[in-house]
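Now for the letters of each chain:
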Amino acid sequence: MTVKVAINGYGTIGKRVADAVASQDDMEVIGVVKTRPSFEARMALEKGYALYAASKENIDDFKKSKIEVSGTIGDMLDKADIVIDATPGDTGEEYKKLYEKHGLKAIWQGGEDHELTGFSFNSEANYGDALGRQFARVVSCNTTGLVRVLYALDSAYGVKKARVTLMRRAADPGDIKTGPINALVPDPIKLPSHHGPDVNSILPDIDITTMAVKISTTLMHLHGLNIELKKACGEDDIIKMFSARPRIRLVSSKDKIKSTAEAMELAKDMGRPRGDMWENVVWKDSIAFNKGELYFFQAIHQESDVVPENIDAIRALMEMEKDGMRSIKKTNKALGILAPKDTA
Ligand code: NAD
């Protein structure tokens, strides 16, 4: 018996989660919701996903565009065991009552507040705490990237304090509306950015402060991290520890990966669907201790790093697998996140 997953919101994140669900052998896509007819709606049908309209009023639009819909969101939810809400930030909240009415479990994304579900998820850090819950929120792309490295460092050496500057891509590649196109925008101007408190929704004991700048690029986010550890260790220890983590990919500038552009090119050359890079890209040769503090750079592919976390969150909420690391391995294997992770 496979778990039936409904996807509400078939955009950047929703369409990727749908394909990731379809690639697993213990879950299936029962349907996807689109608000309006579009090439993405046509592609969903071509991939074999049943398409549902967000509301009755939209059905005529689909008919006029000759795109076949199987009903409205309510019809889809009737058939589902769990729903992935990948609607735009702050929209998902409106659907909570509907999911409750259908007696469904639900997983929201990082655009919603922690308070919506009271539980924020990361596969490595708190899989066990998610078991059997009705609702969870997979934290944002940046927070997922931060939690992966901070959880690893904290488990191995203890994190005394973390200070991070996030250089954020301003828009996704398919977004033609969002700027800036020629500016660096401190956002917010005044400390702290929301990313630090968001990390604390999963790792409450980490002393973290973050500042963020919006950059006119669409490819990836770049993080500059400065961390004080509790236990002494060296650069080689950190490299060894990161290379053993399931969703960290070490790269090196010596291998001519010196930028987010080349990191994305690597993902394309690896044959990844949509050129996605699900892992944190950590520059091995950026890992350095200076005056006793650890420094490194990592790049985060905002469109895809939360995708494997959504798959693990489904398994945890549905109690399909009690052991988080086994779920992570299963998800990684089906997606193709395989060794060697160290391309450096
Ligand atoms: P998106 O705009 O690319 O996609 C959202 C989809 O939801 C679109 O297809 C839109 O038509 C549809 N939609 C809009 N209103 C709807 C409604 N009322 N009912 C059903 N569907 C509706 O957005 P996205 O980037 O995929 O973001 C989705 C969520 O994932 C947000 O919470 C966001 O913060 C989070 N997230 C985004 C990124 C990213 O970089 N894109 C990364 C991590 C998390």
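Structure shown above.
It should be emphasised that the depicted structure is a prediction, and the values quoted were computed from it without experimental measurement. (Residues numbered from 1 in each chain as written. Predicted model: local features only at pLDDT ≥ 70, side-chain atom pairs only at ≥ 80, totals over all residues. Heavy atoms only, no water.)

Oppositely charged side chains can pair when the atoms bearing their charge come close. Taken as a whole and assessed by the stated rule, the structure comprises 25 salt bridges. In this structure, Lys 15 engages Glu 40 in a salt bridge whose closest nitrogen and oxygen atoms are separated by 2.8 Å. Of this pair, Lys 15 sits in helix H1 (residues 12-22) while Glu 40 sits in helix H2 (residues 39-46); the two residues are 25 residues apart in sequence, bridging distant segments of the chain. Assigned by exposure class, Lys 15 and Glu 40 land together as buried. Of the charged contacts in the structure, one is a salt bridge between Lys 160 and Glu 228, with a shortest N-O distance of 3.3 Å. One end of the pair, Lys 160, is in strand E8 (residues 159-169); the other, Glu 228, is in strand E11 (residues 221-229), with 68 residues separating them in the sequence. Accessibility expressed as a relative area gives 17% for Glu 228, which makes it buried. Because the salt bridges share partners, they merge into one network encompassing Asp 26, Arg 148, Arg 247, Glu 309, Asp 312 and Arg 315. (Salt bridge = Lys/Arg side-chain N within 4 Å of Asp/Glu carboxyl O. Helix = DSSP H or I, 4+ residues; strand = E, 2+ residues; numbered from the N terminus. Buried < 20%, exposed > 50% of the residue type's maximum accessible area, 1.4 Å probe, protein only.)

What follows concerns helix H7 (residues 141-157). Helix length check: H7 (17 residues) gives 24 Å between terminal C-alpha atoms against 24 Å at 1.5 Å per residue, within 8%. Just downstream of H7 lies Gly 158, where phi reads positive at about 75°. (Expected span 1.5 Å × (residues − 1).)

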